[in-house]
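Analysis of the macromolecular model
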Amino acid sequence: MGASPAAPGYVEQAGWFPGRTRSRAILVVLVLTVCLALAAILGTATGPVPIPWQDVAGTFLRYAGIDRWAPSERDRLVIEQLRLPRVAAAVLTGMALAVSGAVMQALFRNPMAEPGLLGVSAGASAGAVAAIAFGLRAASIWTVPAMAFLGAMAAVLAVTVLGTAAGRGSMTGLLLAGVALSSFLGAVVSVIVAVVPRDEELRGILYWLAGGFAGASWEYVRVVAVPILGAVAGMCLFGRDLNLLALGDETARSSGVEVTRVRYGLLGLAALATGSAVAVSGTIGFVGLIVPHAVRLVLGADNRVVLPVSCLAGAVFLLLADTAAKSVAQPAEIQVGMVTALCGAPVFALLLLRQGRRSSVTNSL
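Values in this document were obtained by computation on a predicted structure and should not be read as measured data. (Residues numbered from 1 in each chain as written. Predicted model: local features only at pLDDT ≥ 70, side-chain atom pairs only at ≥ 80, totals over all residues. Heavy atoms only, no water.)

On a plain count of helices and strands, the protein comes out with 14 helices and 0 strands. In the protein, the order of α-helices and β-strands from amino to carboxyl end is α-α-α-α-α-α-α-α-α-α-α-α-α-α. Looking at the protein residue by residue over its 365 residues, the buried ones come to 50%. Taking contacts inside the protein between residues at least 6 apart in sequence as the whole, the part at least 24 apart equals 75%. Accessible surface for the protein amounts to roughly 17100 Å². Of this, 67% is attributable to carbon and sulfur atoms. (Helix = DSSP H or I, 4+ residues; strand = E, 2+ residues; numbered from the N terminus. Buried < 20%, exposed > 50% of the residue type's maximum accessible area, 1.4 Å probe, protein only. Contact = heavy atoms within 4.5 Å. Areas by Shrake-Rupley, 256 points an atom, 1.4 Å probe, with all protein chains shown as cover.)

In structure tokens, the structure reads:
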């Protein structure tokens, strides 16, 4: 194809990964799988009522048909009804945000892109905040998640229409439309927060905006599991197409990629995964920014590797962040979004500085 192997995301089409990359990827997947199991045990054992890790491990082994280290009835109920739904919600959200971030960064060819770029998080926030402010959550526990999901999807639709009209379907047009809509919806949320008359609603809004899994239940997990897992699996299947898109639209078309359909399909899957995750977790930032970037530093830019590994790494990262949120201020609990912001903000600043140096070097040549 005449493309340089040094191009970002370049992958040789005649075969699978180079041997060294494949071996490293397998090793990283094995390490992350072990880390995920340990993080799940740690996250389940940690909380206002500490549970011995042996009891947690024993509960997990019972699911595998191994009857050992049986916990007490109280601990079993806490594990199965309170802790495990929270762990499952954190894992699903981490997967959704990390893979969506990797897709956004590949599509926009920018390491600082993240899932909220198209207004998904802002739309979800506006929907949820409106539901809380107007007292709609008293009608059903599903009101806030449903309004958040509808807000996220409405924001994506608005960005797509605006970006297509203004930029003729270009990624720049979508990016500008997303930034404008996010700013507008952020102002709407600020106005609602300013005029909410009751402290109870205000606390609920601030709690949701900070992001967390304290209210997670098996009902929530069952509802979001299908769209998140389906969207994540769908995005992971397009690793080769993302590699070719990184070489330019013409190169991708000549290799058989339907550029417009793949691009909008991936954006739709990313929006579905992010909207579903944000609907049950609230606004959690920086996961989709720092996890794919860390994976690329270790394994390179091949999206056939980056997407599935980001899935595992995102689950581990957010599960550990949730455990930290439960642990650092016991018996009180901080929100997970605060932990991810404390981790992600410095990384974002480093990325900005790195990109600035790279631009300076390029301009001087």
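Inspection of every chain in the model, using the stated rule, returns 1 aromatic pair. For the pair tryptophan 142 and tyrosine 220, a centre-to-centre distance of 4.9 Å together with 85° between the ring planes defines the contact as edge-to-face. Placement of tryptophan 142 in the loop between helix H4 (120-133) and helix H5 (143-167) and of tyrosine 220 in helix H8 (residues 218-236) is noted, with a sequence separation of 78 residues between them. The class for tryptophan 142 is partly exposed, based on a relative accessible area of 29%. Tyrosine 220 sits in the buried class, given a relative accessible area of 13%. (Phe/Tyr/Trp six-rings, centres within 6.5 Å; stacked < 30°, edge-to-face > 60°.)

This paragraph deals with the side chain of threonine 93. Mapped onto the fold, threonine 93 is located in helix H3 (residues 73-108). Its relative accessible area of 0% is what places threonine 93 among the buried residues. Discounting residues that sit within four places of it in the chain, threonine 93 has contacts with Phe213, Ala277, Ser281 and Leu318.

What follows concerns the pattern of salt bridges. Opposite charge on two side chains permits them to pair, given that their charged atoms come into close proximity. Taken as a whole and assessed by the stated rule, the structure comprises 9 salt bridges. Measuring nitrogen to oxygen at the nearest pair gives 2.9 Å for the salt bridge that ties aspartate 249 to arginine 263. Of this pair, aspartate 249 sits in helix H10 (residues 249-254) while arginine 263 is found in helix H11 (residues 259-281), placing the two residues 14 residues apart along the sequence. Given a relative accessible area of 25%, aspartate 249 falls into the partly exposed group. Given a relative accessible area of 9%, arginine 263 falls into the buried group. In this structure, glutamate 258 engages arginine 261 in a salt bridge whose closest nitrogen and oxygen atoms are separated by 3.2 Å. Taking the relative accessible area as the measure of exposure, glutamate 258 reaches 45% and is therefore partly exposed. Through salt bridges with shared partners, a single ionic network connects Arg86, Asp322 and Glu333. (Salt bridge = Lys/Arg side-chain N within 4 Å of Asp/Glu carboxyl O.)

Look at helix H13 (residues 303-327): 35 Å from first C-alpha to last across 25 residues, which is about the 36 Å you get at 1.5 Å a residue. Largest kink in H13: about 25°, centred on serine 310. Taking burial as the measure, the 25 residues of H13 include 20 buried ones, the bulk of the element. Where H13 begins, the side chain of aspartate 302 points an oxygen toward the backbone nitrogen of arginine 304, at a separation of 3.0 Å. (Expected span 1.5 Å × (residues − 1). Bend = angle between axes of the 7 residues up to and from the residue. Polar contact = N/O pair within 3.5 Å; in protein donor to acceptor, adjacent residues only side chain to side chain.)

Below, the discussion takes up the side chain of serine 125. Inspection of the secondary structure puts serine 125 in helix H4. Looking at serine 125, the relative accessible area reads 8%, which means it is buried. Each residue touching serine 125, except ones within four places of it in the same chain, is listed here: Val189, Trp208, Leu209 and Thr283.

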